[in-house]
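# Per-entry structural report
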Amino acid sequence: MATSASQTLRTTSFLKTPSLSLSSSSSSRQSLSSAFSVALRPSRRFSKPLVVIVKASGSLDAKPTVLVAEKLGEAGLKLLKEFANVDCSYNLSPEELCTKISLCDAIIVRSGTKVSREVFESSGGRLKVVGRAGVGIDNVDLAAATEHGCLVVNAPTANTVAAAEHGIALLAAMARNVAQADASVKAGKWQRNKYVGVSLVGKTLAVMGFGKVGSEVARRAKGLGMHVISHDPYAPADRARAIGVELVSFDQAITTADFISLHMPLTPTTSKILNDDTFAKMKKGVRIVNVARGGVIDEDALVRALDAGIVAQAALDVFTKEPPPADNKLVLHENVTATPHLGASTMEAQEGVAIEIAEAVVGALRGELAATAVNAPMVPAEVLSELKPYVILAEKLGRLAVQLVAGGSGVKTVKVTYASARAPDDLDTRLLRAMITKGIIEPISSVFVNLVNADFTAKQRGLRISEERIVLDGSPESPLDFIQVQIANVESKFASAISESGEIKVEGRVKDGIPHLTRVGSFEVDVSLEGSIILCRQVDQPGMIGTVGSILGEENVNVSFMSVGRIAPRKQAVMAIGVDDQPSKQALKKIGEVSAIEEFVFLKL
Ligand SMILES: NC(=O)C1=CN([C@@H]2O[C@H](COP(=O)(O)OP(=O)(O)OC[C@H]3O[C@@H](n4cnc5c(N)ncnc54)[C@H](O)[C@@H]3O)[C@@H](O)[C@H]2O)C=CC1
Ligand SMILES: O=C(O)C(=O)COP(=O)(O)O
């Protein structure tokens, strides 16, 4: 490893998080340019937007088409129409959606449309962005989206208050029998004794899920004089303390509460989290509000608990199946107040959500800012801007390294080394890893790789990419000193690319903003990574540059860069020649015939 004497060499292996999944179709490859576009999202750690990469639009001149599959606020539609052809088609059947989707670059949905695996499969690789105009993405098959390299963005903030207000509305309406009493009055009755309610003040409310909505519900319930506790395994205790809420265990929450309000996402862990067993532990006469997702309650168990008087009342905005069938026992239950998934449905929230999702989708399609990405790793925007040339370097090193592999070797093990004076935590390499993966996989397959699908694609192909960090002394101003890509357990078509330790090794640096190849195997070279490259190993002797240069000149191939790295004077040397155009077979044959040249290879960048 080349390090100057002043550099201390500390090698840090760090965690690779292959959190993504994917397989991509060859048609997507054909229809898309190899350019990446960039979308940004906010993060917890960095308040600035974060970056994800999505596929660029296939046809650069044509406007993208956005399918709006559910009603969206006017302001959002207006924004979309300024940028894209907008097809508002509501109430599509699954079959109609699958037919339409192959003509769309993006789709915007709310909770009423299932974006299933079939939808992604039917898109033929054209669908690049799914916009969820709201929070819950349980109606989108995230794994399938990722596998198809499709970015999923949502609008996580604009409907928070609306959902919290609806939770409070249901809480109060339930406690005072508002819906039942209203129906009774409208039926010509006057049943003052039947609809005596219960008070909220002084009662214990357990907020299950202390996220955006849960914390707003908690804040409002405090204002109503309730004692609020919360269960959320991932919420920071200080945030809860700040509004006077104690975080407690699940059992403590459900056993001590007079009211339970659900505000967690529907996930495999939260599915039917309220069930026969948990109802059995609750205080007799507990009251339950659900504005999260129907699936977090075992609905049959809730009917039993209501009938047994364990649960006195429930107020439900959401159901496992929406709309619920006409004979749904919960909807028909006297002690249940039901609304048709209205949590986000205020004028204000819908305008906000529409703008939030339109900006996210347009941003993602444009390759600029998308508000939120759900299925992609994140890199801070400020890091992205300084990493830009390294991103190009990373892809080109991957591309070079894989082209050096001799046919039939099978690429399985790749080691990437990043040398930097930055502390490991200050250098996010996921983007670089994705680009190296892209560089390695694309020349040898028909798969289109992007930041959404890179890790999955690598995993699916059995490609193991390990990463290592060399922490250098010196100024951390520049994010990276060099990137090295090694492919192990393979033969090379250019033997000199094999390092002392037996791997194909290429190393590069960024010089004046331009990526350079600076090492091949054990040879130091210096050639800018633009155009293509010819690598020759020869006996170090005068006139070689001239000989090869004139062969290329005769063939009208423009040489952009030449550099020679040698082991020792008059011994072996590797010459790296940057060329603007692909030399003809004839020119390459002539180079091969130069007697001092022992081997050579042409590499396309
Ligand atoms: N009815 C409606 O129209 C609306 C429903 N929602 C739903 O409300 C729910 C919450 O939304 P936000 O607060 O915006 O999401 P959020 O992501 O801000 O909050 C969810 C919270 O649930 C917590 N959580 C995850 N697993 C948990 C578990 N096993 N037990 C307890 N807590 C757990 C998370 O740590 C997080 O703090 C979602 O299901 C969302 O889809 C949101 C808006 C409108
Ligand atoms: O944002 C959410 O999670 C919601 O449940 C709102 O759903 P909607 O957009 O009103 O269909």
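Residues numbered from 1 in each chain as written. Chains lettered and ligands numbered in written order. Predicted model: local features only at pLDDT ≥ 70, side-chain atom pairs only at ≥ 80, totals over all residues. Heavy atoms only, no water.

The local shell around ligand 1 holds 25 residues, among which Lys 212, Val 213, Asp 232, Val 291 and Asp 317 are the closest. A distance of 2.8 Å separates an oxygen atom of ligand 1 from a polar atom in the backbone of Val 213. With respect to ligand 1, the backbone of Ala 344 contributes an N or O atom lying 3.1 Å from an oxygen atom. Considering ligand 1 on its own, with 850 Å² of exposed area, one finds that the protein chains cover 88% of that surface. A per-class count over the shell around ligand 1 returns twelve nonpolar, nine polar and four charged. (Near = heavy atom within 4 Å. Polar contact = N/O pair within 3.5 Å; in protein donor to acceptor, adjacent residues only side chain to side chain. Areas by Shrake-Rupley, 256 points an atom, 1.4 Å probe, with all protein chains shown as cover. Nonpolar A, V, L, I, M, F, W, Y, C, P; charged D, E, K, R; others polar.)

Attention now goes to the environment of Leu 431. Position of Leu 431 among the secondary structure elements: in helix H16 (residues 430–441). A relative accessible area of 0% means that Leu 431 is categorised as buried. Between the C-alpha atom of Leu 431 and that of Met 347, which follows or precedes it by 84 residues, the distance is 39 Å. (Helix = DSSP H or I, 4+ residues; strand = E, 2+ residues; numbered from the N terminus. Buried < 20%, exposed > 50% of the residue type's maximum accessible area, 1.4 Å probe, protein only.)

This part covers helix H18 (residues 544–554). Among all positions of H18, only Met 544, Val 548, Ile 551 and Leu 552 are buried. Buried residues of H18 fall within an arc of 95° about the axis and therefore sit on the same side. At its buried positions, H18 is contacted by strand S23 (532–539), strand S24 (559–566), strand S25 (572–579), helix H19 (585–593) and strand S26 (597–604). Just beyond H18, the residue with positive phi is Asn 556, at close to 65°. (Arc of directions from axis to C-beta. Contact = heavy atoms within 4.5 Å.)

Strand pairing within a sheet occurs via backbone hydrogen bonds; the two strands may be parallel or antiparallel. Read across the sheet, seven strands follow the order S11-S10-S9-S12-S13-S14-S15 without closing on themselves; strand pairing throughout is parallel. Taken across any chain shown, the strands that pair with only one partner, and hence form the sheet edges, are strand S11 (246–247) and strand S15 (336–338). Together, strand S14 (311–316) and S15 form the strand contacts of helix H12 (residues 299–307), whose direction differs from that of S14 by roughly 140°. (Pairing = 2+ DSSP bridges. Axes fitted to C-alpha atoms, helices over the stretch in contact; angles between N-to-C directions.)

Here the residue pair Glu 322 and Pro 323 is connected by a cis peptide bond, since its omega of -10° sits within 30 degrees of zero. As for its position among the elements, Pro 323 is in the loop between S14 and helix H13 (329–332). For Asn 91, which is not a glycine, the phi torsion comes out positive at approximately 55°. By the secondary structure assignment, Asn 91 is in the loop between strand S5 (85–88) and helix H3 (94–100). Of the residues examined, Asn 91 reaches a relative accessible area of 75% and is grouped as exposed.

Our next topic: the layout of surface pockets. The computed volume of the second largest pocket comes to approximately 930 Å³. Forming the boundary of the second largest pocket are 35 residues, of which Ser 111, Gly 112, Thr 113, Lys 114 and Glu 322 lie nearest the centre. At the level of secondary structure, the elements contributing two or more residues to the lining of the second largest pocket comprise H3 and helix H4 (117–122). A per-element tally of the lining of the second largest pocket places H3 first, with three residues. Across the lining of the second largest pocket, the residue classes break down as 14 nonpolar, twelve polar and nine charged. (1 Å grid on protein atoms, 1.4 Å probe; cavity = no way out; pocket = protein on both sides within 12 Å on 5 of 7 lines; lining within 4 Å. Points joined across faces, edges and corners; volume = space filled by probe spheres on them.)

This next bit is on the site of ligand 2. Surveying the vicinity of ligand 2 reveals the residues Arg 110, Ser 111, Arg 132, Ala 133, Gly 134, Val 135, Gly 136, Asn 159, Arg 293, His 341 and Ala 344. Arg 132 places a polar side-chain atom, nitrogen or oxygen, 2.9 Å from an oxygen atom of ligand 2. Contact between ligand 2 and Ala 133: an oxygen atom at 3.5 Å from a main-chain N or O atom of the residue. Considering ligand 2 on its own, with 320 Å² of exposed area, one finds that the protein chains cover 91% of that surface. Its residues assigned to classes, the shell around ligand 2 comprises three nonpolar, five polar and three charged.

On to the pattern of salt bridges, then. Summed over the entire model, instances satisfying the criterion amount to 30 salt bridges. Between Glu 147 and Arg 117 there is a salt bridge whose closest N-O contact spans 2.9 Å. Taken together, the residues Glu 147 in helix H5 (residues 142–147) and Arg 117 in helix H4 connect sequence positions 30 residues apart. What makes Glu 147 buried here is its relative accessible area of 14%. For Glu 334, the salt bridge is made with Lys 194, and the minimal N-O distance between the two is 3.1 Å. A residue pair is termed long-range when its members are at least 10 positions apart, and Glu 334 in the loop between H13 and S15 and Lys 194 in the loop between helix H7 (178–186) and strand S9 (204–208) qualify at 140 residues. Through salt bridges with shared partners, one network takes in Asp 481, Glu 507, Arg 509, Arg 519 and Glu 524. (Salt bridge = Lys/Arg side-chain N within 4 Å of Asp/Glu carboxyl O.)

This part covers the packing of helix H2 (residues 74–83) against helix H14 (residues 347–366). At their nearest, the axes of H2 and H14 sit 7 Å apart, and the two run at 20° to each other. One finds that H2 runs roughly parallel with respect to H14. In this structure, H2 meets H14 at a crossing whose hand is right-handed. Counting all contacts with H2, which are made through Glu 74, Ala 75, Gly 76, Leu 79, Leu 80 and Phe 83, the residues of H14 involved are Glu 351, Ala 354, Ile 355, Ala 358, Glu 359, Val 362, Leu 365 and Arg 366. For the contact of H2 with H14, a count of residues per class yields nine nonpolar, one polar and four charged. (Parallel < 35°, antiparallel > 145°, perpendicular 65-115°, else oblique. Left-handed = near helix turned anticlockwise from the far one by under 90°.)

Read across the sheet, five strands follow the order S5-S4-S6-S7-S8 without closing on themselves; strand pairing throughout is parallel. The open sheet has two edge strands, S5 and strand S8 (151–154), and neither has a second partner. Strand-to-strand twist of the sheet, defined as the mean angle between neighbouring strand axes without regard to direction, takes the value 20°. In terms of strand pairing, strand S7 (residues 129–132) meets S8 through four bridges, oriented parallel. Residue pairing in the sheet places Arg 132 in a bridge with Asn 154 of S8. Contacts from H2 reach strand S4 (65–68), S5 and strand S6 (106–109), with the element oriented near 140° to S5. The sheet strands contacting H14 are S4, S6, S7 and S8, and the helix crosses S7 at an angle near 170°.

Remember that the coordinates give geometry; whether it matters functionally is a separate question.
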